[in-house]
Structure formats: structure tokens, C-alpha cells
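Below, each chain spelled out in residue letters.
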Amino acid sequence: MKKYLFSLFVVLTFCFATNAQKKEEHKEKIKLLKISYLTEQLDLTALEAEKFWPIYNGHHKKLHGLMTKKYDAIKKELRIAKKIDNIDERKALDLFNLTQLLHRKKFEENQHYINKLKTVLPIKKILKLHIAEKEFSRVLMRKYRHKKHMSQQKKGSE
């Protein structure tokens, strides 16, 4: 029985580790595709790219940190309360105030980011960047929807 439980534990651990690794590889692949897409769309010079990417990556790391903080706080409260309707008004107000604070910080970070970008890129390229980021998201979503649609069709035909 112990051997069986140990084997089951090893298999489950391996499955979870493999799934987490695949998720990270998927995120990294998307990140590389985005870098390639943005570089092509912006037509960055070597000097611009050298100065741009550290600013861009730092900004996105800060935004990710802010959003993670927000969602972690909400998830923690929901885990305790089980449903949002079970959260008392005081806790709900605290969570709401936290989200408002983090939105303000996000706005301030965006302003700081734009000011930094202005020192390394012309305004036209900053506009191109905004357009290219939105377009990349659209392309990615279309690709995801197409892939999901194809997998559903495949399941339906079986």
C-alpha cells in the first residue's frame, strides 16, 4: 500500500510540475513573439532598442506587480468568504479602496513610463507602440479563438 501511495504521489507531482513548466514555456513563447512583433512594428534602431527595452520591461514588471497585488487581495478575501456576497460591507469597502489606490498607482506609473519613453523614442514611435500592442493582443486573441474553435470541432467530430 505504501508503494502504491508513493508511486501515486510521484506521478501527481510530476504531472503538476510538467503542467507548470508548460505554462511557463507558453508565457515565454508569447513574450518572445511580442518582442519580435513590437521590434518589427516600431522599426527600432539598435540605439533605440538598447534604451527602450529596459524601460518597457521595467514598466510591465511594475504593472504586473500592481495587478497581482490587487487580485491576490481579492482572491484571499474570496477564499475566506467563499462568495463575494458573504463579504461584509467594511471588507468590501477596504477591497474597493485598495483597487482604487492601485488604479491610481497604475495611472501614475503609466505617466512616468510615457515620460521615460519620450527621452528615448520620438512621439510617432510611442504612438506606433500603443497601436502595435493593441494589434498584437488582437492577433493573439484571434489565434487563441481559432485554436479553441478547431479543438472544439475536433471533439465534436469524434
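Bear in mind the structure is a predicted one, so any value in this text is a computation, not a measurement.

Novice: Honestly, helix 3 (residues 89-120) in this entry has me stumped. Any pointers?
Specialist: For the α-helix, the turn length of 3.6 residues means that residues three or four positions removed from each other point alike. Relative to the 46 Å expected for 32 residues at 1.5 Å per residue, helix 3 spans 47 Å between its end C-alpha atoms, a close match to the ideal helical length. Here helix 3 starts with a cap whose side-chain oxygen sits 3.0 Å from the backbone nitrogen of Arg-90, and that cap is Asp-88.

Novice: Please explain the side chain of His-59 as it appears in this structure.
Specialist: You can see His-59 is positioned in helix 2 (residues 46-81). Residues contacting His-59, with those up to four places away along its chain left out, are Glu-109, Asn-110 and Tyr-113.

Novice: What is the right way to read the pattern of salt bridges from this model?
Specialist: As a working rule, side chains carrying opposite charge can pair if their charged atoms are close by. Scanning the entire structure with this criterion turns up four salt bridges. Across the pair Lys-62 and Glu-109 runs a salt bridge, and its minimum N-O distance is 3.8 Å. Taken together, the residues span a long stretch of sequence, with Lys-62 in helix 2 and Glu-109 in helix 3 at a distance of 47 residues. Several salt bridges share partner residues, and in doing so they unite Glu-135, Arg-138 and Arg-142 into one network.

Novice: Please clarify how the nonpolar core should be interpreted in this entry.
Specialist: Grouped burial of nonpolar side chains is what soluble globular proteins tend to show. In terms of nonpolar packing, the biggest core is built from 15 residues, with Phe-52, Leu-117 and Leu-129 touching the most fellow members. Mapped by element, the contributors of at least two residues to this core are helix 1 (2-42), helix 2, helix 3 and helix 4 (123-157). The dominant element in this core, judged by the number of residues it contributes, is helix 2, at five residues. Residue contacts for Phe-52: discarding those within four places in its chain leaves Leu-42, Leu-44, Tyr-113, Leu-117, Val-120, Leu-121 and Leu-129.

Novice: How should I be thinking about the packing of aromatic side chains in this particular structure?
Specialist: Given two aromatic rings, one states the distance between the centres and the angle between the planes to describe the pair. This structure, assessed with the given rule, holds four aromatic pairs. Seen in terms of ring centroids, Phe-52 and Tyr-56 are 5.3 Å apart; in terms of plane orientation they differ by 35°. Their pairing is tilted. Taken as a pair, Phe-52 and Tyr-56 lie in helix 2 at a separation of four residues, close to a single helical turn. Given a relative accessible area of 0%, Phe-52 falls into the buried group. Among the aromatic residues, those joined into a ring-pair cluster are Phe-52, Trp-53 and Tyr-56.

The rules we used
Residues numbered from 1 in each chain as written. Predicted model: local features only at pLDDT ≥ 70, side-chain atom pairs only at ≥ 80, totals over all residues. Heavy atoms only, no water. Helix = DSSP H or I, 4+ residues; strand = E, 2+ residues; numbered from the N terminus. Expected span 1.5 Å × (residues − 1). Polar contact = N/O pair within 3.5 Å; in protein donor to acceptor, adjacent residues only side chain to side chain. Contact = heavy atoms within 4.5 Å. Salt bridge = Lys/Arg side-chain N within 4 Å of Asp/Glu carboxyl O. Core = buried A, V, L, I, M, F, W, Y, C linked by side-chain atoms within 4.5 Å. Buried < 20%, exposed > 50% of the residue type's maximum accessible area, 1.4 Å probe, protein only. Phe/Tyr/Trp six-rings, centres within 6.5 Å; stacked < 30°, edge-to-face > 60°.

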